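Now for the letters of each chain:
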Amino acid sequence: MATLPLGPFVPPIAAVGINGASLTTPLFLRMHFPDANSAVLATIITHDFKAADLHKLDSTNQDQETIYTFNGATNQFKTYFHILVTHVNDAAATETFWADTEQLLELVAEYKWLAVFAYHWVFSNHCHAEMAASDYLQWGCRDSDLLSKHVYMH
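Reference entry: report on the structure contained in this document. Here the residue numbering is sequential within each chain, running from 1 through the sequence in written order. Local features in this predicted model are restricted to residues whose pLDDT is 70 or higher, and side-chain atom pairs enter the listing and the counts only when it is 80 or higher, whereas totals over whole chains, interfaces and linings include all residues. No hydrogens and no water enter the side-chain calculation; it runs on all heavy atoms of the structure.

### A closer look at helix α4 (residues 91-110)
(1) Moving on: Helix and strand labels come from DSSP, where a helix needs a run of H or I of at least four residues and a strand needs a run of E of at least two; each type is numbered from the N terminus. Take the residue count of a helix, subtract one, and multiply by 1.5 Å to get its expected span. Between its first and last C-alpha, α4 extends 29 Å over 20 residues, near the 28 Å set by a 1.5 Å rise per residue.
(2) Moving on: Remark: exposure states derive from per-residue accessible area (1.4 Å probe, protein chains only) relative to the maximum for the residue type, with buried under 20%, exposed over 50%, and partly exposed in between. Taken together, the buried positions of α4 are Ala93, Thr94, Thr96, Phe97, Asp100, Thr101, Gln103, Leu104, Leu107 and Val108.
(3) Moving on: Polar contacts, as used here, are pairs of N or O atoms within 3.5 Å; protein pairs need one atom able to donate a hydrogen and one able to accept it. Residues neighboring in sequence count only if both atoms are side-chain atoms. Where α4 begins, one side-chain oxygen reaches toward the backbone nitrogen of Ala92, 2.9 Å away; that side chain belongs to Asp90.

In structure tokens:
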């Protein structure tokens, strides 16, 4: 019986899970989000994902300009939160993420989208340290200083 040659070994992507447990990008995440690049999934679950990379969550359009449109960014934020919710599997975190989405939509109804996006971009990047410590509650809070700087004056 002939055997097929194997390709080079590709090690799994290292990641840090809940409470610092070591793991690889979980298969269930790759199966649940088949269009997402494994490296992007890994940066999301290790909380290294930056708002500037939101365009990487749109498998149909890798154009960075899409993130500056209301529908483009909100869809990509939803994908980002959906990946986190699936990984974290915590009801309180899930509620917090959706509360943040509701707040985002409330702000958009009253202020210019680009101002709201600038606020949310900086705000999300500030949440990484807390998320690395499994604290997702900051997502449900508004940052008055950042809102004053980015949104209220517009």
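### Observations regarding the nonpolar core
(1) Moving on: By nonpolar core we mean a set of buried residues, namely Ala, Val, Leu, Ile, Met, Phe, Trp, Tyr and Cys, connected to one another through side-chain atoms within 4.5 Å. Residues Ile44, Leu57, Tyr80, Phe97, Val116 and Trp139 are the most contacted members of the largest nonpolar core, which totals 34 residues.
(2) Moving on: Elements with a contribution of two residues or more to this core: α2 (38-45), α3 (70-88), α4, α5 (113-126) and α7 (144-152).
(3) Moving on: In terms of residues, this core owes the most to one element, α3, which gives seven residues.
(4) Moving on: Those residues in contact with Val116, other than ones at most four positions away along the chain, are Leu104, Leu107, Val108, Tyr111 and Val151. We call two residues in contact whenever any of their non-hydrogen atoms come within 4.5 Å of each other.

### Comments concerning the packing of aromatic side chains
(1) Moving on: Under the pairing criterion, centres of Phe, Tyr and Trp rings, with the six-membered ring standing for Trp, must be within 6.5 Å; the plane angle then separates stacked pairs below 30 degrees from edge-to-face pairs above 60, leaving the rest tilted. If you walk through the whole model with that rule in mind, you get 14 aromatic pairs.
(2) Moving on: On the basis of an interplanar angle of 55 degrees and a centroid distance of 6.2 Å, the ring pair of Tyr80 and Trp139 is categorised as tilted. Pair noted here: Tyr80 is in helix α3 and Trp139 is in the loop between α6 (128-132) and α7, with a separation of 59 residues, a long-range link. Each member of the pair, Tyr80 together with Trp139, is buried.
(3) Moving on: With 5.7 Å between their ring centres and 55 degrees between their planes, Tyr111 and Tyr152 make a pair best called tilted. Placement of Tyr111 in the loop between α4 and α5 and of Tyr152 in helix α7 is noted, with a sequence separation of 41 residues between them.
(4) Moving on: What makes Tyr111 buried here is its relative accessible area of 19%.

### Section: the pattern of salt bridges
(1) Moving on: Salt bridge criterion: a side-chain nitrogen from Lys or Arg within 4 Å of a carboxyl oxygen from Asp or Glu. This model, assessed by the stated rule, comprises two salt bridges.
(2) Moving on: The partner of Asp53 in a salt bridge is Lys56, and the shortest N-O contact between them spans 3.7 Å.
(3) Moving on: A salt bridge links Glu106 to Arg142; the shortest N-O distance between them is 3.1 Å. Of this pair, Glu106 sits in helix α4 while Arg142 sits in the loop between α6 and α7, placing them 36 residues apart in sequence.
(4) Moving on: When its relative accessible area of 48% is taken as the criterion, Glu106 is described as partly exposed.
(5) Moving on: Accessibility expressed as a relative area gives 36% for Arg142, which makes it partly exposed.

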